[in-house]
Amino acid sequence: INGGQNPELTFLLDFKQNNSTVGDVSADESKILINRYPSAGGSQGIALYDLNTKIEHFIVPNAESAAFSSDEKWIAFTSYFGDYSMKPDGRNLGLINIETGEIDTLTTGPYTIYSPVFSNYDSVIYFHNSPYNVEDQIIKVKLTDKSIDTIFNSATSLRFQRISYNENKQQIFMTTFQDNGHRSILAYDISSN
């Protein structure tokens, strides 16, 4: 890696498409979800790469922001369901069963969803919503009944770039940026809601 200048790094995979990123790593660290962004033409999507077999499977087209459930039976992702054109709104939350490939759409309508994360032993998915010209939000979806609740509304000048979740501390960590260009990492205590 890097001409031998970083011997502490271990090579895992050579991206064949420019701008691809790691979406998530399974709890047992045997699989990687990859957000694929083709360099020329084609559609973006999510691939599952097995580190043991070195085999990659393309599993969901026109999607990104992939996240494993803790039991690795489900993958949450975001996609433009039914309309893949770039719009101010319309980026919704999907859930795929890894074993069957069946996809369930959890949200429809005026959402622009990023960074879904599972929590509470996979009974809830948190995500951040960045609708056009409206304040960003942290929203949760209960998987038992698909109910949707907004748990946090940001100031209009504060935008989220990515969120992650700590189950033990019941906190959501947010990478944020403000209109003035300032960037920061903030933590939100879910129990305060």
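Details of the structure are given in the entry above.
Below you will find a few notes about this structure. Because the structure is a prediction, the values reported are computed rather than measured. (Residues numbered from 1 in each chain as written. Predicted model: local features only at pLDDT ≥ 70, side-chain atom pairs only at ≥ 80, totals over all residues. Heavy atoms only, no water.)

Side note on the overall build of the protein chain
The condition is simple: Think of it this way: any DSSP run of H or I at least four residues long counts as a helix, any run of E at least two long counts as a strand, and we number them from the N terminus. Burial here depends on accessible area, computed with a 1.4 Å probe over protein chains only, as a share of the maximum for the residue type. Under 20% is buried, over 50% is exposed, and the range in between is partly exposed. Areas reported here follow the Shrake-Rupley algorithm with a probe of radius 1.4 Å; residue values treat only the protein chains shown as occluding.
In terms of regular secondary structure, the protein chain is built from zero helices and 15 strands. When burial is assessed residue by residue, the protein chain has 39% of its 193 residues classed as buried. For the protein chain, the accessible area works out to roughly 10,800 Å², and carbon and sulfur atoms hold 49% of it.

Examining the sheet that holds strand 9 (residues 113–119)
Put simply, the rule is: Strand pairing follows a simple DSSP-based rule, namely that at least 2 bridges must link the two strands. With axes taken as lines fitted to C-alpha atoms, and helix axes fitted only over the stretch in contact, angles between N-to-C directions fall between 0 and 180 degrees.
What the four strands build is an open sheet, ordered 9-10-11-12; its pairing is antiparallel. Here the strands that pair on one side only, and so sit at the sheet edges, are strand 9 and strand 12 (148–153). The mean inter-strand angle of the sheet, taken between neighbouring strand axes irrespective of direction, is 25 degrees.

Quick word on unusual backbone geometry
Even without being glycine, Lys54 reaches a positive phi, approximately 65 degrees. The residue Lys54 is located in the loop between strand 3 (45–50) and strand 4 (55–61) in this model. At Ser65, a residue that is not glycine, the phi angle is positive and equals roughly 55 degrees. Within the secondary structure, Ser65 is located in strand 5 (residues 63–68).

Some remarks on the pattern of salt bridges
Worth spelling out the cut-off: Any carboxyl oxygen of Asp or Glu that lies within 4 Å of a side-chain nitrogen of Lys or Arg is treated as forming a salt bridge with it.
Tallied over the full model, the rule gives four salt bridges. Residue Glu56 is joined to Arg36 by a salt bridge in which the shortest nitrogen-to-oxygen separation is 2.6 Å. Of the two residues, Glu56 sits in strand 4 while Arg36 sits in strand 2 (residues 31–36), which places them 20 residues apart along the sequence. For Glu56, a relative accessible area of 33% gives the class partly exposed. With a relative accessible area of 4%, Arg36 lands in the buried category.

Observations regarding the nonpolar core
Quick note on the threshold: Remark: nonpolar core denotes a set of buried residues (Ala, Val, Leu, Ile, Met, Phe, Trp, Tyr, Cys) joined through side-chain atoms within 4.5 Å.
One finds Tyr126, Ile138, Ile163, Ile172 and Met174 to be the most contacted residues of the largest nonpolar core, which totals 13 residues. Contributing elements (two or more residues each) for this core: strand 10 (124–129), strand 13 (158–166) and strand 14 (171–178). By residue number, the principal contributor to this core is strand 13, which donates four residues. Counting eleven residues, the second-largest nonpolar core is a separate cluster that includes Leu93, Leu106, Tyr111 and Phe127.

Some points on the sheet that holds strand 4
The strand order across the open sheet built from four strands is 1-2-3-4, with neighbouring strands paired in antiparallel fashion. Here the strands that pair on one side only, and so sit at the sheet edges, are strand 1 (21–25) and strand 4. Averaged over neighbouring strand pairs, the angle between their axes works out to 30 degrees when direction is ignored.

Quick look at the side chain of Ser130
Defined as follows: In protein, a polar contact means a hydrogen-donor-capable atom and an acceptor-capable atom, both N or O and within 3.5 Å, with residues adjacent in sequence counting only if both atoms are side-chain atoms; elsewhere, any N or O pair within 3.5 Å suffices. We call two residues in contact whenever any of their non-hydrogen atoms come within 4.5 Å of each other.
Inspection of the secondary structure puts Ser130 in the loop between strand 10 and strand 11 (137–142). A distance of 3.0 Å separates the side chain of Ser130 from the side chain of Asp136, its partner in a polar contact. Residues within four places of Ser130 in sequence aside, it is in contact with Thr112, Tyr114, Asp136, Arg159 and Phe160.

Some details on the environment of Asn166
Take Asn166: it is sitting in strand 13. On the basis of relative accessible area, Asn166 is assigned to the partly exposed category, the value being 25%. Separated by 23 residues in sequence, Asn166 and Asp189 have C-alpha atoms that sit 9.9 Å apart. In contact with Asn166, not counting residues within four places along its chain, are Gln171 and Phe173. One polar contact links the side chain of Asn166 to the main-chain amide nitrogen of Asn168, over a distance of 3.0 Å.

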